[in-house]
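Results of the structural survey
One letter stands for each residue in the lines below.
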Amino acid sequence: MNRSELERVARAMVVKGKGILAADESSGTIKRRFDAIKLDSTEEHRRSYREMLFTAPGAAQYLSGVILFDETIRQRTHDGVPFPDYLAQHGVIPGIKVDAGAKPLAGFAGETITEGLDGLRERLVEYRKLGARFAKWRAVIDIQDGIPTAFAVRANAHALARYAALCQEQEIVPIVEPEVLMDGAHSIDRCEEVTDQVLGEVFGCLAAHRIYLEGMVLKPNMVISGKQAPEQAPPEQVAAATVRCLKRHVPPAVPGIAFLSGGQSPEEATLHLSLINQLGALPWSVTFSYGRALQDTALKGWGGTPAGFAAGQQELAKRARLNGLATLGRYQSGLESQAA
Ligand code: 13P
């Protein structure tokens, strides 16, 4: 393992002013996104959509990296350039989702374990040859009465650490993503309690598995009210609770934290990130690794038609720019009304 190379890439992924575009939707997820714009999920539609995103004028300057799906890392622009090569040529680091999804955890009703460790070493070798310099693995923790159990939290943290160790062995920076879902009617306090528990287990397992912390990126949820909670904590409270919780668990050796958006609206996700970055000197670089919060408006603007290609690109560039400002704590909601 070349530690200095891992650290160099991890730092580049979380450089101030930029963030990560999560475009690694699995086949099932991208079909749901396309259903919303009444578009068939064919391989060519998926390719064309990703080309629209990756070639958007004015977006790359705010993107440090893009997370790809197995199909996407093998696809090309319409004029034949493999997507990972195109991204690298434009200063954007290609990454790859390597988990096989969250599956029911046998014996623990309502809980999941993320699969994908079998054969992972060999897959990482191939992905590195295809151009990937970082990877992503997402553990999913749901909040319900009596859930999560300590066992499910530990099992998921253990899998994350095994994945991270294999990535670093192959000189690929692991994005470690333990997502506490915002689905449900729970309070922000309950989210903080569970996120505390999850991050505690994750960093305990990462230490036990000898992960080189300087060569990884954490992708957590923000500490936030459940979507159906009758009382929604204001943005300043989300920012304060999130930073408090992260400070308890994330060693300063970790170069950066790149949040998932998790179902927040694009504007909320940007505002929260900016407020977090206004909370004084943080020990890590704090940025975004958004899927829906970067893509929702671009997908609608595109609409699956060649005529919408440029409109979709403008929407992506706008969200990338506003989130880039948020990494510097310089976003204000008044900026939303400016032209894309
Ligand atoms: P969202 O920002 O839509 O939550 O997606 C980020 C991601 O990569 C989830 O794994």
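Structural notes, computed from the coordinates. The shown structure was predicted, so the numbers you read here are calculated from the model rather than taken from an experiment.

Criteria and cut-off values
- Residues numbered from 1 in each chain as written.
- Predicted model: local features only at pLDDT ≥ 70, side-chain atom pairs only at ≥ 80, totals over all residues.
- Heavy atoms only, no water.
- Near = heavy atom within 4 Å.
- Polar contact = N/O pair within 3.5 Å; in protein donor to acceptor, adjacent residues only side chain to side chain.
- Areas by Shrake-Rupley, 256 points an atom, 1.4 Å probe, with all protein chains shown as cover.
- Helix = DSSP H or I, 4+ residues; strand = E, 2+ residues; numbered from the N terminus.
- Nonpolar A, V, L, I, M, F, W, Y, C, P; charged D, E, K, R; others polar.
- Phe/Tyr/Trp six-rings, centres within 6.5 Å; stacked < 30°, edge-to-face > 60°.
- Buried < 20%, exposed > 50% of the residue type's maximum accessible area, 1.4 Å probe, protein only.
- Pairing = 2+ DSSP bridges.
- Right-handed = clockwise from strand over helix to strand, strands pointing away.
- Arc of directions from axis to C-beta.

Taken together, 13 residues surround the ligand, and among them K136, K219, S261, G262 and R292 come closest. Take E177: an N or O atom from its side chain is 2.9 Å from an oxygen atom of the ligand. A distance of 2.4 Å is found between an oxygen atom of the ligand and a side-chain nitrogen or oxygen belonging to S261. For the ligand, whose unbound accessible area comes to 300 Å², protein coverage reaches 92%. When residues of the shell around the ligand are traced back to their parent elements, those giving at least two are β6 (134-141) and β10 (285-290). Grouping the constituent residues of the shell around the ligand by class yields three nonpolar, four polar and six charged.

Another aspect to go through is the packing of aromatic side chains. Evaluated as defined, the whole model comprises seven aromatic pairs. On the basis of an interplanar angle of 10° and a centroid distance of 4.9 Å, the ring pair of F108 and F151 is categorised as stacked. Of this pair, F108 sits in the loop between β4 (102-104) and β5 (112-114) while F151 sits in helix α7 (residues 150-169); the two residues are 43 residues apart in sequence, bridging distant segments of the chain. An aromatic cluster is present here, built from F34, Y49 and W302 joined pairwise through their rings.

Alternating positions in strand β9 (residues 256-259) separate into two faces, G256 and A258 on one and I257 and F259 on the other, with burial throughout. Of the strand pairs in this sheet, strand β8 (residues 217-218) and β9 are connected by two bridges, and their pairing is parallel. Bridge pairing in β9 links L218 to I257. The parallel pair β8 and β9, bridged by helix α9 (residues 235-249), forms a crossover whose chirality is right-handed. Examined bridge by bridge, β9 and β10 share four bridges and lie parallel to one another. Paired with F259 across the two strands is F288, which belongs to β10. For the crossover that starts at β9, traverses helix α10 (residues 266-277) and ends in the parallel β10, the hand is right-handed.

Within the sequence span of helix α1 (residues 3-13), burial applies to L6, V9, A10 and M13. For α1, the arc enclosing every buried residue in end-on projection is 100°, short of the 170-degree limit, so these residues lie on one face. Residues of α1 that are exposed and point more than 90 degrees away from the buried face comprise S4 and R8.

Everything listed is a geometric property; what it means functionally is a separate question.
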